[in-house]
Amino acid sequence: MLIRQAPDLREGEITDRSLFLHRREFIAAGAALGTIGLGGGKAAAAPLKGAESPFSTKGEKLTPKADITSYNNYYEFGVDKADPNKNAGRLKTRPWTVVVEGECHKPGQFGIDDILKRYPLEERIYRMRCVEAWSMVIPWVGFPLISLLKQVEPTGAAKFVSFETLDAPDQMPGLRDPVLKWPYREGLRIDEASHPLAILAVGLYGETMPNQNGAPVRLVTPWKYGFKGIKSIVKIRLQATQPQTSWNLSNPHEYGFYSNVNPEVDHPRWSQASERRIGEFFRRKTLPFNGYGAQVASLYRGMDLQKNF
Ligand SMILES: Nc1nc2c(c(=O)[nH]1)N[C@H]1C(S)=C(S)[C@@H](COP(=O)(O)O)O[C@H]1N2
Ligand SMILES: [Mo]
């Protein structure tokens with residue numbers, strides 16, 4: 001049986017008790033319909049080399065690929081950590097188009113294979129800190145988000161960037177679950193989106209992106225909680241106003257827009273002072289901005305960081 005009993009669920013790794021109960025109904029409904037647990041043909045990973053980057057994090061032991069690809073949050077494929085690996089095989093990643101629109105002079109539709117050819121790929125080793133207080137070290141392959149944004153020539157009115165995930169109920173059994181406002185939406189301020197650490201990732205461990213990690217292209221902002229790293233992006237919009245985000249819409253008291261990693265501001269239901277690095281026994285101290293403060297803290301000068309979740 002897929003269902004874990006409540007005592008097995010680690011503190012902070014589920015959204016709340018009601019979600020846990022709700023999930024049981026969801027799994028039961030999916031099992032009845034025969035739509036959950038069938039898996040699907042897994043797309044074969046293809047080699048995808050990224051050049052060494054000065055922005056890569058040094059001195060961290062990489063989390064094993066087996067953990068990065070089997071312990072996931074991708075609620076479109078179910079809310080259990082093992083669900084995305086089981087269910088994301090049905091995600092069709094070709095053909096795939098990313099629409100870039102809004103406040104820009106040259107909006108366009110970009111095919112994923114053109115994107116892969118156009119931008120020089122880099123390897124970016126980054127820590128990833130989930131808001132649930134676990135972390136990993138992941139060797140992404142990708143390119144700076146600013147490269148794509150520059151291409152569409154943002155207007156002076158572009159102050160924010162919003163992102164949307166694919167919304168395909170036939171491929172994504174989790175969309176039946178109203179746990180989040182679908183499609184999954186995220187956003188950044190334009191200066192955050194333009195920061196050299198912000199990347200669009202198209203692979204990891206030197207191979208094309210596994211579906212469960214957000215194939216074919218997802219956002220990575222390593223100084224923010226993991227949920228900002230929206231997966232399987234189909235739309236990017238430059239806009240004058242602050243975008244709505246799925247987690248904030250669903251639970252505004254717990255998830256804000258900025259969501260910078262901050263050990264001093266606890267989640268309303270658990271501490272953010274420490275974290276569990278996947279594969280390690282002892283907890284680690286969480287670092288401000290997930291250890292990237294030297295690079296990004298200046299983006300937030302003058303803001304009240306004690307409220308900045
Ligand atoms: N579309 C979409 N993107 C998403 C999520 C999701 O449920 N749906 N989960 C987020 C969360 S909470 C985290 S921690 C990271 C996890 O990324 P990983 O599974 O590649 O480690 O993806 C983020 N991006
Ligand atoms: Mo997360």
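Here, every reference points to the structure presented above.
On a predicted model such as this, the values are computed, not experimentally measured, just so you know. (Residues numbered from 1 in each chain as written. Chains lettered and ligands numbered in written order. Predicted model: local features only at pLDDT ≥ 70, side-chain atom pairs only at ≥ 80, totals over all residues. Heavy atoms only, no water.)

## Here we look at the sheet that holds strand S1 (residues 97-102)
- Read from one edge of the open sheet, five strands run S2-S1-S10-S5-S6, paired in mixed fashion. On the outer flanks of this sheet lie strand S2 (108-111) and strand S6 (185-189), each paired with one strand and no other. The mean inter-strand angle of the sheet, taken between neighbouring strand axes irrespective of direction, is 20°.
- In the sheet, S1 pairs with strand S10 (residues 233-239) via four bridges, with the strands oriented parallel. By the bridge assignment, Gly-102 is partnered in S10 with Leu-238.
- Against the sheet, helix H5 (residues 145-152) touches S1, S2, strand S5 (160-165), S6 and S10, its axis set at about 60° to S10. (Pairing = 2+ DSSP bridges. Helix = DSSP H or I, 4+ residues; strand = E, 2+ residues; numbered from the N terminus. Axes fitted to C-alpha atoms, helices over the stretch in contact; angles between N-to-C directions. Contact = heavy atoms within 4.5 Å.)

## Considering the nonpolar core
- Core analysis: the largest hydrophobic core is formed by 78 residues, its most contacted members being Trp-140, Phe-163, Leu-200, Trp-223 and Ile-236.
- If one sorts the elements of this core by residue count, strand S4 (residues 134-144) sits on top with six residues.
- Those residues in contact with Phe-163, other than ones at most four positions away along the chain, are Leu-145, Tyr-184, Arg-185, Glu-186, Gly-187, Leu-188, Leu-219, Ile-230, Ile-233, Lys-235 and Ile-236. (Core = buried A, V, L, I, M, F, W, Y, C linked by side-chain atoms within 4.5 Å. Buried < 20%, exposed > 50% of the residue type's maximum accessible area, 1.4 Å probe, protein only.)

## Thoughts on the site of ligand 1
- Taken together, 16 residues surround ligand 1, and among them Asn-72, Tyr-75, Glu-76, Gly-229 and Lys-231 come closest.
- A distance of 2.9 Å is found between a nitrogen atom of ligand 1 and a side-chain nitrogen or oxygen belonging to Thr-165.
- Within the side chain of Arg-218, an N or O atom sits 3.0 Å from an oxygen atom of ligand 1.
- For ligand 1, whose unbound accessible area comes to 540 Å², protein coverage reaches 99%.
- When the residues that make up the shell around ligand 1 are grouped by side-chain class, the tally is seven nonpolar, six polar and three charged. (Near = heavy atom within 4 Å. Polar contact = N/O pair within 3.5 Å; in protein donor to acceptor, adjacent residues only side chain to side chain. Areas by Shrake-Rupley, 256 points an atom, 1.4 Å probe, with all protein chains shown as cover. Nonpolar A, V, L, I, M, F, W, Y, C, P; charged D, E, K, R; others polar.)

## Section: the pattern of salt bridges
- The final tally for this structure, using the stated rule, is 16 salt bridges.
- Three or more residues joined by partner-sharing salt bridges are found here, namely Glu-60, Arg-127 and Arg-277. (Salt bridge = Lys/Arg side-chain N within 4 Å of Asp/Glu carboxyl O.)

## Re H5
- Restricting attention to buried positions, one finds in H5 the residues Leu-145, Leu-148, Leu-149 and Val-152. Within H5, the buried residues cover an arc of 100° as seen down the axis, which keeps them to one side.
- Just downstream of H5, Glu-153 is the residue with a positive phi angle, here 55°. (Arc of directions from axis to C-beta.)

## Some details on unusual backbone geometry
- Cis peptide bonds are those with omega within 30 degrees of zero, and the linkage from Arg-94 to Pro-95 qualifies with -10°.
- Secondary-structure assignment places Pro-95 in the loop between helix H3 (83-87) and S1.
- At the junction of Trp-182 and Pro-183, the peptide bond is cis and its omega measures out at -10° in the coordinates.
- By the element assignment, Pro-183 lies in the loop between S5 and S6.
- Here the phi dihedral of Glu-153 falls at roughly 55°; this positive angle occurs in a residue that is not glycine.
- Along the chain, Glu-153 falls in the loop between H5 and S5.
- Residue classification places Glu-153 among the partly exposed residues on the basis of a relative accessible area of 34%.
- Even without glycine at this site, Ser-259 takes up a positive phi of about 55°.
- Turning to its location among the elements, Ser-259 is positioned in the loop between helix H7 (246-250) and strand S11 (274-277).

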